[in-house]
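Overview (structure and organization)
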Amino acid sequence: MISLSVILSLALIPFVQAQSNDPVLDIAAIQAHFSGSGLVPSLLPSFNPSAVLTVSYSGVGNISPGQALTQTQVKPAPSLSLTPANSSVSFTGKYTLVMADAGPPGTDETKGQTRHWLVNGVTVAGNTISIEGGTAITQYAGPAPPSGSGAHRYAVLLFSQPAMFTPPTGFSQPNMGVSVFNLEDYVTSANLGTPIAGNYLTVEEGTATFSASPTSAVVSSTLSGMAASKPSSPSTSAGGAVAQTPHANSAAASAGGSFAVILTSIFGLLAV
Ligand SMILES: *[C@@H]1O[C@H](CO)[C@@H](O)[C@H](O)[C@H]1NC(C)=O
């Protein structure tokens, strides 16, 4: 049932543009990708972002949600920016940035995730996320999944910190190395709530030694299909291009996006 819902949801993703000039549409697309790839509800119980998190790697450009990248491409830390859903959304206060390896689709997330980045006290100036002013509990460490372990999903998430933020026990000192933690436990202990924005990328090393789940297969083919269908793109990345939707297409794309999100929700409910 779950895999059927995933396949049906992903089949609709081509209607959702990877990145447009409409943040509301981009948020709907990212939400559809989080559900379609299983990150919701396995990594995050729910995901209702109020901003688009743009993740940009040097030499790649802005990634599309779930874009497949190589270890070499993701070695340097990406730059991040935020685009609010609308003018009444503003970014004051402090934020926690997390990058966690949710493994290939179907991973039991209760066993924890490898933590590739954890910075608290992050601030947002304009649309730029400023990491430098924060405390890097774990400095960015580029994904390096074990060979043959499938296409790992790396979620980059931004959470709003409460005014009285206290780092959870064991996470108060900077420069902890990469290790396994439990995102859900961390979020609960730090009182972070649900992410205000997020995105994800995938990295696969070698050839999977198990039969790849339909989810990952559909995600990559879908995304390359999307990239191939773009008439022109500012990005020269291999795995998927940045889609700049002409404004005239927004209404149609928006209808498709909403449709996909609604169906994703319906099938999500059926799958329970
Ligand atoms: C602005 O975006 C926020 C977050 O998505 C939403 O809750 C709110 O209803 C939106 N406001 C308007 C006026 O569209």
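Residues numbered from 1 in each chain as written. Predicted model: local features only at pLDDT ≥ 70, side-chain atom pairs only at ≥ 80, totals over all residues. Heavy atoms only, no water.

Going by an unreviewed UniProt entry, the protein carries the name PEBP-like protein and comes from Leucogyrophana mollusca.

**A short note on the pairing of strand 11 (residues 197-204)**
As a reminder, the rule being used: For every residue, the accessible area obtained with a 1.4 Å probe (protein chains only) is divided by the maximum for its type, and the residue is called buried under 20%, exposed over 50%, and partly exposed between those limits. Working definition: helices are DSSP H or I runs of at least four residues, strands are E runs of at least two. Numbering for both runs from the N terminus. Only when DSSP finds a minimum of two bridges between them are two strands counted as paired.
Counted residue by residue, strand 11 has seven buried out of eight residues, so it is predominantly covered. Across three bridges, the pairing between strand 3 (residues 67-69) and strand 11 is parallel. Bridge pairing links Q67 to L201 in strand 11. Across eight bridges, the pairing between strand 9 (residues 151-160) and strand 11 is antiparallel. Counted as the bridge partner of A155 is Y200 from strand 11.

**Let's talk about the site of the ligand**
Put simply, the rule reads: Summary of the distance rule: residues count as near a molecule or strand when at least one heavy atom falls within 4 Å of that molecule or strand. N or O atoms within 3.5 Å of each other form a polar contact, as long as, within protein, one can give a hydrogen and the other can take it, and as long as residues adjacent in sequence are counted only when both atoms are side-chain atoms. Areas reported as accessible are Shrake-Rupley estimates using a 1.4 Å probe. Residue values count occlusion only from the protein chains shown.
Close to the ligand lie S50, A85, N86, S88 and V89, which account for all nearby residues. In the model, an oxygen atom of the ligand is placed 2.3 Å from a nitrogen or oxygen of the N86 side chain. In isolation the ligand exposes 360 Å². Once the protein is present, 35% of that is buried.

**As for the packing of aromatic side chains**
Threshold: A pair of Phe, Tyr and Trp rings is counted when the ring centres sit within 6.5 Å of each other, with Trp represented by its six-membered ring. The angle between the planes then sorts it: under 30 degrees is stacked, over 60 is edge-to-face, the rest tilted. We count a charge as sitting over a ring when the NZ of a lysine or the CZ of an arginine lies within 6 Å of the ring centre and within 35 degrees of the ring normal.
By the definition in use, this model includes six aromatic pairs. When the ring of F34 is compared with that of Y200, the centres are 5.6 Å apart and the planes differ by 85°; the resulting orientation is edge-to-face. Of the two residues, F34 sits in helix 2 (residues 23-36) while Y200 sits in strand 11, which places them 166 residues apart along the sequence. As far as the burial class goes, F34 and Y200 line up, both buried. For the pair F171 and Y186, a centre-to-centre distance of 5.1 Å together with 85° between the ring planes defines the contact as edge-to-face. Remark: Y186 occurs in helix 4 (residues 183-190) and F171 occurs in the loop between strand 9 and strand 10 (179-181); sequence separation between them is 15 residues. Take F171 and Y186: they sit in the same class, and that class is buried. A network of ring pairs unites the aromatic residues F34, F47 and Y200 as a single cluster. Sitting above the plane of the F181 ring, R115 keeps its charged end 5.3 Å from the centroid.

**As for the environment of I27**
Stated precisely, the cut-off is as follows: Should any heavy atoms of two residues lie within 4.5 Å, those residues are considered in contact.
Here I27 is to be found in helix 2. Sequence separation between I27 and N199 is 172 residues, and the spatial gap between their C-alpha atoms is 9.7 Å. Not counting the four nearest positions on each side in its chain, I27 is found in contact with P49, S50, A51, V52 and A85.

**With respect to helix 4**
For the record, the criterion: Read the arc as the range of directions from the helix axis to the C-beta atoms.
Among the residues making up helix 4, those that are buried are L183, Y186, V187 and A190. Take helix 4 and look down its axis: the buried residues cluster within an arc of 95°, on one side only. Opposite the buried face of helix 4, by more than 90 degrees, sit the exposed residues T188 and S189. Contacts from the buried residues of helix 4 go to strand 5 (95-101), strand 6 (113-125), strand 9 and strand 10. The N-cap of helix 4, judged by a side-chain oxygen 3.0 Å from the amide nitrogen of E184 a few residues on, is N182. Positive backbone phi, approximately 60°, marks N191, located one or two places after helix 4.

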